[in-house]
Amino acid sequence: MSELLIEIGVEELPAVPLLKELPNIENKWQNILKDYRLQSEFKFYYTPRRLVFWSETFPKEQSKSLSEFIGAPKNIAYKDGKLTAAGMSFLQKAGISEEELSFKEIKGQEVLYHQKELEGKKSCEILGLIIENFLKSLNFGKSMRWGANSFEFIRAIRSCVCVLDDELVEFELYGVKSAKKTFVHRSVSYDLKEFKSIKDYFKLLEENCVILDPETRKTKILNEFKLIEAKENLSIAKDEELLAEVIAITEYPNALLGSFKKDYLEIPSEVIITSMRENQRYFALFNSKGLDNHFIVVSNAVCEDHSKIIYGNERVLRARLSDAMFFYKNDLETGLNPENLSKITYLEGLGTLKDKSEREKFIAMILCQLYQNEKKDALCKAITYAKADLSTQMVYEFTNLQGIMGSYYAQKMGLSYEICLAIKEQYLPNSEYSPLPSTEFSSIVALANKLDTLLALFSLGKIPSGTKDPYALRRAASGMIKIVLNLGKNFDLDLLFQRLKSQYKNFDLQILKDFIFERLYTFYEANASFIKAVLSSKNADLIHIDTAIKALIELSQKENFNENFSTFKRLANIAVNPNFKISPTLFKNDAENKLYEEFKKSLNTQNLKERLQNLFALKPFIDEFFDKVMINVEDEELRKNRQALIFSIYEEFLNIADIKELSL
């Protein structure tokens, strides 16, 4: 075993593409080592200017491998005791003489066969190729070319280190020759620095302000955060995503405290936080009353006096907040004007944003009837103003604040708290871990928005395919399900779609319903056939479906469920509808009477979970019925009566889940 160090030196990597590919990098390196039979333990480090792999136990050469050669059948390879052209071709392919030829029976046929052991190549001979293939496997989204080169990478490659047992492995990669040279921190030097050994490499970086390990950089940042919080009696909001970005763009991070005028706190806090976070990667600070007029910038500069860095960042933020203040005051003077929505096209074929609002009002009125909500006038008013902030200057500048800014402007206009809250929460949930609307009123507004988006886009054939979902319809469907399940009130998609379809171009509503149901497979940690079985029951009420899935999952976790299930699978498989009403007077066997009586008892509850448990409790009576009763007798009336009994039990299961679809 040898010690191996690889470093790919690049121009500054953009944080977001790097972080998206980061979870895959180590796996891709491990896989490519496996492909080349050079598996080893390694550590991976990154900074904005380098990708580094370090292995203390790297194989000196590839492991040996066996290579199999399979040729034509023996009767084709030989004719009259002599090799045919097919046989000669096999010898040439395998690199052997006829004396080394052997045969093997494969799939009942004797064929030409040879197996040979291949020696592995030395690691130093193939590392250049391995690194090149690895870099080509990385997917950062966009790539670039530099100079007159034809090759591409996310950023220009400026250096390449490959050292095996302190010896340089020489090759050329992306126009750069490997060398025992690396770049240190830009604040220290712009030139490549030479090192002699792997130990010297780590020492060189450490002494020249490059913290190679991202976890060490993270610890340094968090420790400095704690010091600032304690000294200033302030707190920093947790923001793991922003922290990851800052770690990715720094080699020697320093957390610095900056401030802005308190006058700017008149601006809604979401605007200030968004401006600092999205544009400058600043961390917001909070006092006991709310947002404070201080911020933290994580600098990558190496210097003793950070005052100029702090001043420069304060000046940049001041300009941005000054613009935000201007937009905010202008918007307050203008107020929310829903009529402006008639000038904004929603989507070709779907009219304007005002048209969308009108459709959402229609949906909200249907939902009011469904939920027996009497706040129709207030809901109409909320939806009228909900998207009016899309014509404001602030939302034009900060699009991710739509709804939030509308709620502030609505509040200044004197609209009720309930309406303002609904405007703020109309797009929730807008991500996997997003909160849900906090009230039924807000939920109806959010459901109206999501339902219209789904129905409208599907009516135009804008259906997501593969990984493409430009209108975020999967997120809209998942969000709608989450809201409905949170409300816990019946929500029958069939009935709802029938009442809403008049507002849209005619299309196959079943496609949309199936699309929504597909999202359910991500909601439960369970055998996928459980969800499929419930969906096959043809009940389109999301609350019923959720209850049925959970009941089935819970029941499946009981002892002996798998063994007992075979009885019900058999029942489902033989069940046929004889279009015959069960007549107890036709029963000839006690097993028939027992099963029928127990079946009737099982239906004495409206609770879906209890009914499912009762149906599965019929197992011993069904087993006895199968043992003692012949179903397909010659007497037609008797046969149909027995078929009707079996089918009635299966039909009750069908109201909850189609047990034919279950696979355990």
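Here, the structure is the one placed above.
All of these numbers come straight from a predicted model, not from anything done at the bench.

## What about the overall build of the protein chain?
Next up, step 1: Helix and strand counts for the protein chain stand at 25 helices and 18 strands.
Next up, step 2: At 35 Å, the protein chain has a C-alpha radius of gyration far larger than the 26 Å of a compact globule built from 664 residues.
Next up, step 3: By its C-alpha atoms, the protein chain is 100 × 100 × 50 Å across when sized along the principal axes.
Next up, step 4: Within the protein chain, the fraction of its 664 residues that count as buried is 49%.
Next up, step 5: At a minimum sequence separation of 6, the contacts of the protein chain that also span at least 24 residues come to 68%.
Next up, step 6: Carbon together with sulfur atoms contributes 47% to the accessible area of the protein chain, which is approximately 34,100 Å² in total.

## Remarks on the packing of aromatic side chains
Next up, step 1: Counted under the stated rule, the structure contains 29 aromatic pairs.
Next up, step 2: With centroids separated by 5.3 Å and ring planes inclined at 65°, the aromatic side chains of Phe 195 and Tyr 201 adopt a geometry described as edge-to-face. As far as burial versus exposure is concerned, Phe 195 and Tyr 201 are alike and both buried.
Next up, step 3: With a centroid separation of 5.5 Å and 50° between ring planes, the pair formed by Phe 561 and Phe 616 is classed as tilted. Of this pair, Phe 561 sits in helix H21 (residues 561–574) while Phe 616 is found in helix H23 (residues 608–616), placing the two residues 55 residues apart along the sequence.
Next up, step 4: Residue class for Phe 561 comes out buried when judged on its relative accessible area of 7%.

## Considerations on the side chain of Thr 182
Next up, step 1: Checked against the element boundaries, Thr 182 lands in strand S13 (residues 181–183).
Next up, step 2: For Thr 182, a relative accessible area of 0% translates into the label buried.

## Focus: the environment of Ile 516
Next up, step 1: With respect to the helices and strands, Ile 516 occurs in helix H18 (residues 509–519).
Next up, step 2: Separated by 82 residues in the primary sequence, Ile 516 and Glu 598 place their C-alpha atoms 37 Å from one another.
Next up, step 3: Those residues in contact with Ile 516, other than ones at most four positions away along the chain, are Leu 454, Ala 477, Met 480, Ile 481, Leu 493 and Phe 497.

## Let's talk about the side chain of Asp 331
Next up, step 1: Mapped onto the secondary structure, Asp 331 falls in helix H9 (residues 307–334).
Next up, step 2: Only 2.8 Å separates the side chain of Asp 331 from the side chain of Tyr 409, close enough to count as a polar contact.
Next up, step 3: The residues contacting Asp 331, other than those within four sequence positions of it, are Thr 392, Gln 393, Met 394 and Tyr 409.

## Some words on helix H15 (residues 440–459)
Next up, step 1: With 20 residues, H15 should reach 28 Å at 1.5 Å per residue; the first-to-last C-alpha distance of 28 Å fits that figure.
Next up, step 2: Burial runs high along H15: 19 of the 20 residues are buried.
Next up, step 3: Looking at the residues trailing H15, positive phi occurs at Gly 461, about 80°.

## Re the packing of H21 against helix H24 (residues 619–628)
Next up, step 1: Following both chains from N to C, one finds H21 and H24 inclined at 55°, their axes separated by 10 Å at the closest point. Comparing their axes, H24 and H21 come out oblique. Our pair here, H21 against H24, has a crossing hand that is left-handed. In this structure, H21 uses Asn 564, Thr 567, Phe 568, Arg 570, Leu 571 and Ile 574 to contact H24, whose residues at the interface are Lys 619, Ile 622, Asp 623 and Phe 626.

## Regarding the pairing of strand S1 (residues 2–10)
For a regular strand, the rule is simple: side chains alternate between the two faces of the sheet.
Next up, step 1: Counted residue by residue, S1 has eight buried out of nine residues, so it is predominantly covered.
Next up, step 2: Here S1 pairs with strand S3 (residues 50–58) via seven bridges, running antiparallel. Note on S3: the bridge partner recorded for Gly 9 is Arg 50.

Reading guide: rules and limits
- Residues numbered from 1 in each chain as written.
- Predicted model: local features only at pLDDT ≥ 70, side-chain atom pairs only at ≥ 80, totals over all residues.
- Heavy atoms only, no water.
- Helix = DSSP H or I, 4+ residues; strand = E, 2+ residues; numbered from the N terminus.
- Rg over C-alpha atoms; globule rule 2.2 N^0.38 Å.
- Buried < 20%, exposed > 50% of the residue type's maximum accessible area, 1.4 Å probe, protein only.
- Contact = heavy atoms within 4.5 Å.
- Areas by Shrake-Rupley, 256 points an atom, 1.4 Å probe, with all protein chains shown as cover.
- Phe/Tyr/Trp six-rings, centres within 6.5 Å; stacked < 30°, edge-to-face > 60°.
- Polar contact = N/O pair within 3.5 Å; in protein donor to acceptor, adjacent residues only side chain to side chain.
- Expected span 1.5 Å × (residues − 1).
- Axes fitted to C-alpha atoms, helices over the stretch in contact; angles between N-to-C directions.
- Parallel < 35°, antiparallel > 145°, perpendicular 65-115°, else oblique.
- Left-handed = near helix turned anticlockwise from the far one by under 90°.
- Pairing = 2+ DSSP bridges.

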